[in-house]
Amino acid sequence: RKDVGRITCGSTALDELIGGGIETQSLTEVFGEFGSGKSQISHELAVTVQLPEEKGGLDGECVFIDTENTFRPERIEQIATGFELDVEETLQKIHIARAFNSSHQILMADKINELIQSGANIKLVIVDSVTAHFRAEYVGRETLATRQQKLNQHLHTLQNIANTYNVAVFVTNQVQARPDAFFGSPTKAVGGHVLGHAATYRIWLKKGLAGKRIARLVDSPHLPEGESVFKIVTEGIVD
Ligand code: ATP
């Protein structure tokens, strides 16, 4: 792959775990239980993608597909201030799209092409959360196949955008904590399997002691499995 770009997650340890930041032309999935920091990393990346390359960004804008109303401009303000960026300008470069249901979410992903073709310098697409609407709408065993098929198609659209426009795609996926989850690979976690085939990078987030977070890279085709520790502070994600 040519011209792959990387976006810093704010924490050097986390960047190193995934080979130097999240990649363009790839789909990165972060999964973990409620409050593990998935939305926090999403907010961080929405800001860091705007940084110049020498600071770990791609001088670009982002699309933030918000499915659970988790986007917080105040949080962007804190993170942007930490990087000494102009808050208004930073917010303007985040194209917020609120998705009310899964069809709406699919439609929004389909429209990213138009936005890019109209000249927006999009370098990152965030979907927080990519699975929530699908899980809420397709309940029961008999709908599982349809849900999986729709979700796969949606992920395929996102992967196409990543490849066609040299964009990074970052999706979050909430999974329930399982009693055995801390000992093995959580591939059987809800939704884990669905995204397993589509995501190029999968990061599993866990809460650690004293407000720390543990990130583990799982199922990576060309990077070693490993863990790194980071913190969430007012300025965003740090070592
Ligand atoms: P959800 O599935 O509910 O969206 P999540 O995994 O996305 O959960 P986040 O909302 O990203 O979790 O993380 C919530 C945690 O982030 C809080 O519990 C808190 O520890 C931390 N956090 C949020 N905002 C701040 C802040 N301004 N300063 C420091 N820590 C914060």
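The structure displayed is predicted, hence computed values, not measured ones.

So, about the site of the ligand. Around the ligand sit 15 residues in total, of which G35, K38, S39, Q40 and Q174 are the nearest. G37 is positioned with one of its backbone polar atoms (N or O) 2.8 Å from an oxygen atom of the ligand. For the ligand, an oxygen atom lies 2.7 Å from a polar atom in the backbone of S39. Counting residues per element, the ones that place at least two in the shell around the ligand are α2 (38-48), α3 (73-82) and β10 (226-233). Take the shell around the ligand: its biggest share by element is three residues, from α2. Grouping the amino acids of the shell around the ligand by side-chain chemistry returns three nonpolar, eight polar and four charged.

At a closest axis distance of 9 Å, the pairing of α2 and α3 adopts a crossing angle of 55°. The angle between the axes of α2 and α3 places the two elements in the oblique class. Viewed along their axes, α2 and α3 form a crossing whose handedness is right-handed. Across from Q40, H43, E44, A46 and V47 in α2, the residues of α3 making contact are R75, I76, I79 and A80.

Our focus in this paragraph is the sheet that holds strand β5 (residues 94-98). Pairing is mixed in the open sheet, where nine strands are placed in the order β5-β4-β6-β7-β3-β8-β9-β10-β11. With partners counted over all chains shown, the strands left at the sheet margins are β5 and β11 (236-238), one partner each. On average, adjacent strands in this sheet sit at an angle of 25° to one another, irrespective of strand direction. Strand direction decides the pairing type here: strand β9 (residues 212-218) and β10, joined by six bridges, are antiparallel. Bridging from a neighbouring strand, R216 pairs with E227 of β10. Along the sheet face, helix α5 (residues 102-117) touches β4 (61-66), β5 and β6 (122-128) and points at about 165° away from the line of β4. With respect to the sheet, helix α7 (residues 144-165) is in contact with β3 (27-32), β6 and β7 (168-174), its orientation differing from that of β6 by roughly 165°.

A word on a negative patch on the surface. Judged by side-chain charge, E74, E77, D86, E88 and E89 come together as a negatively charged surface patch. Those elements that place two or more of their residues in the negative patch are α3 and α4 (87-92). In this fold, E77 is placed in helix α3.

Burial runs high along β9: five of the seven residues are buried. Where strand β8 (residues 201-207) folds back onto β9 in an antiparallel hairpin, the turn is made up of four residues, including A210, whose phi is positive at roughly 50°.

What follows concerns the packing of α5 against α7. At a closest axis distance of 9 Å, the pairing of α5 and α7 adopts a crossing angle of 15°. Judged on the interaxial angle alone, α7 and α5 are roughly parallel. Viewed along their axes, α5 and α7 form a crossing whose handedness is left-handed. Residues Q105, I106, A109, D110, I112, N113, I116 and Q117 of α5 form the contact with α7, whose participating residues are H154, T157, L158, I161 and Y165. Its residues placed into classes, the contact of α5 with α7 shows seven nonpolar, five polar and one charged.

In this section: the nonpolar core. The biggest cluster of nonpolar side chains holds 32 residues, and the ones touching the most others in it are I7, L14, I22, I41, L45, L124 and F170. Where this core is concerned, the elements lending two or more residues are α1 (12-17), α2, β4, α3, β6, β7, β8 and β9. Among the elements that take part in this core, α2 stands out by supplying four residues, more than any other. Residue contacts for L124: discarding those within four places in its chain leaves I7, I22, L45, A46, V49, E61, C62, V63, V167, A168 and F170. By size, the runner-up hydrophobic cluster in this structure holds 26 residues, among which are I65, I112, I122 and V127.

Basis of the calculations
- Residues numbered from 1 in each chain as written.
- Predicted model: local features only at pLDDT ≥ 70, side-chain atom pairs only at ≥ 80, totals over all residues.
- Heavy atoms only, no water.
- Near = heavy atom within 4 Å.
- Polar contact = N/O pair within 3.5 Å; in protein donor to acceptor, adjacent residues only side chain to side chain.
- Helix = DSSP H or I, 4+ residues; strand = E, 2+ residues; numbered from the N terminus.
- Nonpolar A, V, L, I, M, F, W, Y, C, P; charged D, E, K, R; others polar.
- Axes fitted to C-alpha atoms, helices over the stretch in contact; angles between N-to-C directions.
- Parallel < 35°, antiparallel > 145°, perpendicular 65-115°, else oblique.
- Left-handed = near helix turned anticlockwise from the far one by under 90°.
- Contact = heavy atoms within 4.5 Å.
- Pairing = 2+ DSSP bridges.
- Patch = residues over 30% accessible without salt bridge, like charges linked within 9 Å, V, L, I, M, F, W, Y side chains within 5 Å.
- Areas by Shrake-Rupley, 256 points an atom, 1.4 Å probe, with all protein chains shown as cover.
- Salt bridge = Lys/Arg side-chain N within 4 Å of Asp/Glu carboxyl O.
- Lys, Arg positive; Asp, Glu negative; His and termini not counted.
- Charge placed at Lys NZ, Arg CZ, Asp CG, Glu CD.
- Buried < 20%, exposed > 50% of the residue type's maximum accessible area, 1.4 Å probe, protein only.
- Core = buried A, V, L, I, M, F, W, Y, C linked by side-chain atoms within 4.5 Å.

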